[in-house]
Amino acid sequence: MSGPLIVLVGPMGAGKSTVGELLAESLGTTYRDTDADVVATAGKEISEIFFDEGEEHFRALERQAVRDALALHTGVLSLGGGAVLDEETRTLLAGHPVVYLSMDVDEAVRRVGLNTARPLLAVNPRRQWRELMDARRHLYEEVARTTVATDERTPEEVARAILDALELPEHTGDPVPSGRETTRMTEQGTTRIQVAGTAGTDPYEVLVGHRLLGELPQLIGDRAKRVAVLHPEALAETGEAVREDLAAQGYEAIAIQLPNAEEAKTVEVAAYCWKALGQTGFTRTDVIVGVGGGATTDVAGFVAASWLRGVRWIAVPTTVLAMVDAAVGGKTGINTAEGKNLVGAFHPPAGVICDLAALDSLPVNDYVSGMAEIIKAGFIADPVILDLVEADPQGARTPAGPHTAELIERSIRVKAEVVSSDLKESGLREILNYGHTLAHAIEKNERYKWRHGAAVSIGMVFAAELGRLAGRLDDATADRHRAVLESVGLPLTYRGDQWPKLLENMKVDKKSRGDLLRFIVLDGIGRPTVLEGPDPAVLLAAYGEVSA
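Nothing here was measured: the structure is a model prediction, and the numbers come from that model.

## So, helix α22 (residues 536-544)
The complete set of buried residues in α22 reads Leu539, Ala542 and Tyr543. Within α22, the buried residues cover an arc of 100° as seen down the axis, which keeps them to one side. On its buried face, α22 sits against α18 (436-445), α19 (452-469), α21 (499-506) and β16 (518-522). Residue Asp535 occupies the N-cap position of α22, its side-chain oxygen lying 2.7 Å from the main-chain nitrogen of Ala537.

Here's what the structure looks like:
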């Protein structure tokens, strides 16, 4: 029988996405998730489908998604937790290599706390999870060729157990990149990276490729009547072109022009947007689209989060920095006189479209600035990024470089992995701020006239020296920071006489707790950790290493 090599079933939290991606990597194939297919088909998130049309309608969409995937997909496939409730779906699964990932309630509590908002877990999650399993366990076992327990096992151990149980050989060619997020390749060469929902939010996809604006109507969906396209002054023609295209699709589309760069991130600009939405009659089913760099997507997301207490929005980042950082993860915000991004909200987008063609016209300094966030991802999580940059530093400075797409995709995967685990920066997500504590202080000191990546570059060198002086980081890795960043043309030093001002600025950093300064440092490549309350003399010494 043709179809998937492996089909994963099991309850939420069992790790189907993580294990599925690992299996796809091991087998040299691709991974597909029917929940993501349903979202793409419906043009809305699963929680919205449940709320608007009910569970029966969702199951019908799910049944068709399973039917299509079983017929067309030849890699690793995972199904939603309740897919086996449908009798027709169970019949479709007959003869396929189905693996049931089992998990007990204690393991579920340890992994997800059962406190994430789910369509079917709204009142007493622990009790309802048990009830769901009582209703579904025999169905999972009915369709499965084999059962693999996930309790007290790492995803890698679970994947190995599945390969052994099904007697599948590992792929020995080029690996498919792994990560918590789902990665799928379309026929047109578009990479789709799924960011998992957390803390009551829905999953969404980050699309990376060329000529992707045709995907916008599908992401917007048919529930929306009005669409507001927010764009900077520098992209007036692009914003108007997007507005015209959406108007041709039948939407009541308006364009709202923002100031360029950080000048857009003020309460006055946000109020201007709110006024435009109010005058247009924007409702909760309408959609905001942010087209531009990181400042634009920050404002678009913040306006979406605050209008009617939250409307859907889509990010269309046009810079490297926005693609790999600002547009992914749902951190939205504006600046105040006291600091950067101090007013904001966690409000993930409904989708992100990274059209690499937009980078072709990006000024070289802006492109290089974005490389700082890519290199950061290499140091905190994915050393392959560092290897690619070191192999061709000049190529890394330009969108025409041989590794452009891979560098951007790997960086997005790092961020997707982190934000899938920690939306609201309560723990793991803090690692994304590597180098940012000093960077934000520099940006404020320069009245936000500096490029973000330039400040982050200096901030990472400072963090590396801080880690070295604190006895956490080896000399070779600290020195590697300087070599990699300098090789692409990023700065390594800042004015030495500004330390007192920078120290005061850092005290209002988002990671600080009371008067306790906190820094992300490395214990090694891919091993970020928190350094709390370092000795002021050590801080000063570390800053001395980046002083011009």
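## What about the sheet that holds strand β5 (residues 146-149)?
Taking strand neighbours across the sheet as the criterion, the five strands line up as β2-β3-β1-β4-β5 in an open arrangement whose pairing is parallel. Strands at the two margins of the open sheet, each flanked by one partner only, are β2 (31-33) and β5. Averaged over all pairs of adjacent strands, the angle between their axes in this sheet comes to 25°, without regard to strand direction. The sheet contact formed by strand β4 (residues 98-102) and β5 spans four bridges and is parallel. Counterpart to Tyr100 in the pairing with β5 is Thr147. Those strands touched by helix α8 (residues 155-166) are β1 (6-9), β4 and β5, and its axis lies near 160° from that of β5.

## Observations regarding the environment of Ala377
With respect to the helices, strands and loops of the structure, Ala377 is situated in helix α14 (residues 364-380). Sequence separation of Ala377 and Asp325 is 52 residues, and the distance between their C-alpha atoms is 9.7 Å. When residues no more than four places from it in sequence are discounted, the contact partners of Ala377 are Asp382, Ile385, Ser411 and Val414.

## Some remarks on the pattern of salt bridges
In this structure the tally under the stated criterion is 38 salt bridges. For Glu263, the salt bridge goes to Lys449, with nearest N and O atoms at 3.7 Å. Of this pair, Glu263 sits in the loop between β10 (252-258) and α11 (267-280) while Lys449 sits in the loop between α18 and α19, and the two are 186 residues apart along the sequence. Here Glu263 and Lys449 have matching classes, each one exposed. Linking Arg482 and Glu465 is a salt bridge whose minimum nitrogen-to-oxygen distance equals 3.5 Å. One end of the pair, Arg482, is in helix α20 (residues 475-487); the other, Glu465, is in helix α19, and 17 residues separate them in sequence. Through salt bridges with shared partners, one network takes in Glu465, Arg468, Asp475, Asp479 and Arg482.

About the criteria used
Residues numbered from 1 in each chain as written. Predicted model: local features only at pLDDT ≥ 70, side-chain atom pairs only at ≥ 80, totals over all residues. Heavy atoms only, no water. Buried < 20%, exposed > 50% of the residue type's maximum accessible area, 1.4 Å probe, protein only. Helix = DSSP H or I, 4+ residues; strand = E, 2+ residues; numbered from the N terminus. Arc of directions from axis to C-beta. Contact = heavy atoms within 4.5 Å. Polar contact = N/O pair within 3.5 Å; in protein donor to acceptor, adjacent residues only side chain to side chain. Pairing = 2+ DSSP bridges. Axes fitted to C-alpha atoms, helices over the stretch in contact; angles between N-to-C directions. Salt bridge = Lys/Arg side-chain N within 4 Å of Asp/Glu carboxyl O.

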